[in-house]
Amino acid sequence: MPANKQQLLDNRPEGEAVTSNFKLATAQTPELKDNQVLVRHHYLSLDPYMRGRMNDSKSYAQPQPLGQVMQGGTVGEIVESRNPKFAVGEKVVGFGGWQEYSVVDASQPGVLRKVDTTHVPLSHYLGAVGMPGVTAWYGLVKIIAPKEGETLVVSAASGAVGSAFGALAKARGCRVVGIAGGPDKCKYVVDELGFDACIDYRQHPDAKSMSQALKEACPQGIDGYFENVGGYILDAVLSRMNAFGRIALCGMIAGYDGQPLPLANPSLFLISRLKLEGFIVSEHMEVWPEALKELGTLVATGKLRPRESIAQGIESAPEAFLGLLKGRNFGKQLVKLV
Ligand SMILES: NC(=O)c1ccc[n+]([C@@H]2O[C@H](COP(=O)([O-])OP(=O)(O)OC[C@H]3O[C@@H](n4cnc5c(N)ncnc54)[C@H](OP(=O)(O)O)[C@@H]3O)[C@@H](O)[C@H]2O)c1
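Throughout what follows, the structure given in this document is the object of discussion. (Residues numbered from 1 in each chain as written. Predicted model: local features only at pLDDT ≥ 70, side-chain atom pairs only at ≥ 80, totals over all residues. Heavy atoms only, no water.)

**Side note on helix α8 (residues 288–300)**
(1) Moving on: The terminal C-alpha atoms of α8, which comprises 13 residues, lie 17 Å apart, in line with the 18 Å expected from a rise of 1.5 Å per residue.
(2) Moving on: Within α8 the residues assigned to the buried category are Trp288, Ala291, Leu292, Leu295, Gly296, Leu298 and Val299. Buried residues of α8, viewed axially, fall in a sector of 160 degrees; they line one side. Away from the buried face of α8 by more than 90 degrees, exposed residues Pro289, Glu290 and Lys293 are located.
(3) Moving on: At its buried positions, α8 is contacted by β7 (113–114), α2 (131–144) and α3 (160–171).
(4) Moving on: Backbone geometry just downstream of α8 places Gly302 in the positive-phi region, at approximately 80 degrees. (Helix = DSSP H or I, 4+ residues; strand = E, 2+ residues; numbered from the N terminus. Expected span 1.5 Å × (residues − 1). Buried < 20%, exposed > 50% of the residue type's maximum accessible area, 1.4 Å probe, protein only. Arc of directions from axis to C-beta. Contact = heavy atoms within 4.5 Å.)

Dropping the structure here:
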């Protein structure tokens, strides 16, 4: 059985996460028991939620245990099998963690999902046709529930969730405006992803300036907002929301390293009769098949061309993860292991 390089959570961050919170280790892969399979991971997914799990604080999920392999989504190939339903060579999505191999009891429902790579590249099952894509779908369809012609805004627009949101919203006939960091990301959001406009928040570093930029990009006001960031960007969007607007609260990455995110004017919820709903995509497994079907079609037909940032090798995972929290990724952040 092969040696397996892994990244463990060694200690918890105090404030900003740093590379020394992680530790590289090598383990021997155990012999398979009945029903188990050995998966060789081709790609490992790096996601902002992992930062929250590094803390030992109250959350919707248990903290990542110290001294254990960092948890996370993976795609890979079955390289050994003692389970009759999984054959060597099949491609699977799972939750194998920050390591090169995982041994999985494939008889447990839902732990491994076979995927077809004929029209969708394997890596996209961790992005547009995976958890981030379904996240965009849920917030759009189930919370914002847009009507054709409405104006929608999404922050972190060039990323894994934001890019999928744009394609799904355009498919529903909406005007879609992104918010992203820097001219290159904004150009990509408009030219490649087909958004109607994109605002570079670095050019608008306070709520007043951002609110003015939103006024210009959204002349009819904002009917739906998909929130990934928090802070002054949320304040600015709130100032431009139309009456009975809907906000899907997906993430607040601007605060993940412990930065406070005060809300400047909460009375706007009342004044504009807004609905805000937070959600966690893994608590809505019932929508995944429908969402994945639509997302798979958008990718296979070229209507969604998601970009990826790919770090090489398990050694690079901590640095790439910290970069994701700082916006150094451009599109879905992955680590390539094969
Ligand atoms: N609720 C759920 O179930 C669920 C599921 C998946 C993801 N999420 C959330 O969805 C959001 C996007 O996730 P993703 O996987 O698609 O990541 P991503 O957008 O691919 O990458 C994160 C991006 O966030 C932006 N960012 C980081 N710090 C920022 C700051 N201080 N201000 C503004 N933007 C900042 C950066 O883009 P710029 O360069 O444009 O700033 C960075 O590229 C995250 O908040 C994540 O926690 C929630």
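Moving on from the coordinates now.
**Topic: unusual backbone geometry**
The general pattern is negative phi for most residues beyond glycine and trans for most peptide bonds.
(1) Moving on: Not every positive phi belongs to a glycine, and Asn35 is a case in point at roughly 75 degrees.
(2) Moving on: For Asn35, the position within the fold is in the loop between β2 (22–28) and β3 (36–45).
(3) Moving on: When its relative accessible area of 31% is taken as the criterion, Asn35 is described as partly exposed.
(4) Moving on: Positive phi is not limited to glycine here, since Ala156 has a value of about 50 degrees.
(5) Moving on: Locating Ala156 in the fold gives a position in the loop between β8 (151–155) and α3.

**Overview of the packing of α3 against α8**
Helix-helix packing is characterised by the crossing angle of the two axes and by the distance between the axes.
(1) Moving on: At a minimum axis separation of 11 Å, α3 and α8 run at an interaxial angle of 95 degrees. Here α3 is positioned roughly perpendicular relative to α8, judged by the angle of their axes. Residues Ala164, Ala167, Leu168 and Ala171 of α3 lie in contact with α8, whose contacting residues are Glu294, Leu295 and Leu298.
(2) Moving on: A class-by-class count of the residues in the contact of α3 with α8 yields 6 nonpolar, no polar and 1 charged. (Axes fitted to C-alpha atoms, helices over the stretch in contact; angles between N-to-C directions. Parallel < 35°, antiparallel > 145°, perpendicular 65-115°, else oblique. Nonpolar A, V, L, I, M, F, W, Y, C, P; charged D, E, K, R; others polar.)

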